[in-house]
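Survey of secondary and tertiary structure
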Amino acid sequence: QVQLVESGGGLVQPGGSLRLSCAASGSIFRLNAMGWYRQAPGKQRKLVTTITSGGSTNYSDSVKGRFTISRDNAKNTVYLQMNSLKPEDTAVYYCYAFLIMGWGMSEVDYWGQGTQVTVSS
């Protein structure tokens, strides 16, 4: 089995910063794209950012220029540096990973349990 464990959420004032981490562990043969979604209260889950195994990234327009995704392939970990946070960034943030568990197996997706980010004064 595979686990994605997130950390780093919390309460921050507008304009502040937070760094989220998500570590993947377990039966991982190859870790492909990883990224983050978020879900605000009463709203649908939305894609925030993704990063490929080669380091290519993309971001939603709402976070471009403020958030930075990165990964450490040796540690199977993805990070999300969030700067200039706004109240509208308040949400539960979920990391995900597309991975292959063994030779010849199909790609599957796994999700973290979610971490709350609250931006408020």
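Residues numbered from 1 in each chain as written. Predicted model: local features only at pLDDT ≥ 70, side-chain atom pairs only at ≥ 80, totals over all residues. Heavy atoms only, no water.

Right, let's talk about the nonpolar core for a bit. A general trend in soluble globular proteins is that nonpolar side chains are found buried together. One finds L4, W36, F67, L80, M82 and Y93 to be the most contacted residues of the largest nonpolar core, which totals 28 residues. Elements supplying a minimum of two residues to this core: β1 (2-7), β3 (18-26), β4 (30-39), β5 (46-51), β7 (67-72), β8 (77-82), β9 (91-100) and β11 (115-119). Ignoring sequence-local partners within four residues, the contact set of M82 consists of G16, S17, L18, L20, R66, F67, Y93 and V117. (Core = buried A, V, L, I, M, F, W, Y, C linked by side-chain atoms within 4.5 Å. Buried < 20%, exposed > 50% of the residue type's maximum accessible area, 1.4 Å probe, protein only. Helix = DSSP H or I, 4+ residues; strand = E, 2+ residues; numbered from the N terminus. Contact = heavy atoms within 4.5 Å.)

Taking strand neighbours across the sheet as the criterion, the four strands line up as β1-β3-β8-β7 in an open arrangement whose pairing is antiparallel. Strand pairing shows two members of the sheet lacking a second neighbour, β1 and β7, which therefore form its edges. Averaged over all adjacent pairs, the angle separating strand axes in this sheet is 15 degrees, with direction ignored. Across six bridges, the pairing between β1 and β3 is antiparallel. Paired with E6 across the bridge in β3 is C22. (Pairing = 2+ DSSP bridges. Axes fitted to C-alpha atoms, helices over the stretch in contact; angles between N-to-C directions.)

Mapped onto the secondary structure, S60 falls in the loop between β6 (57-59) and β7. Its relative accessible area of 19% is what places S60 among the buried residues. Other than its neighbours up to four places away in sequence, S60 contacts L47 and V48.

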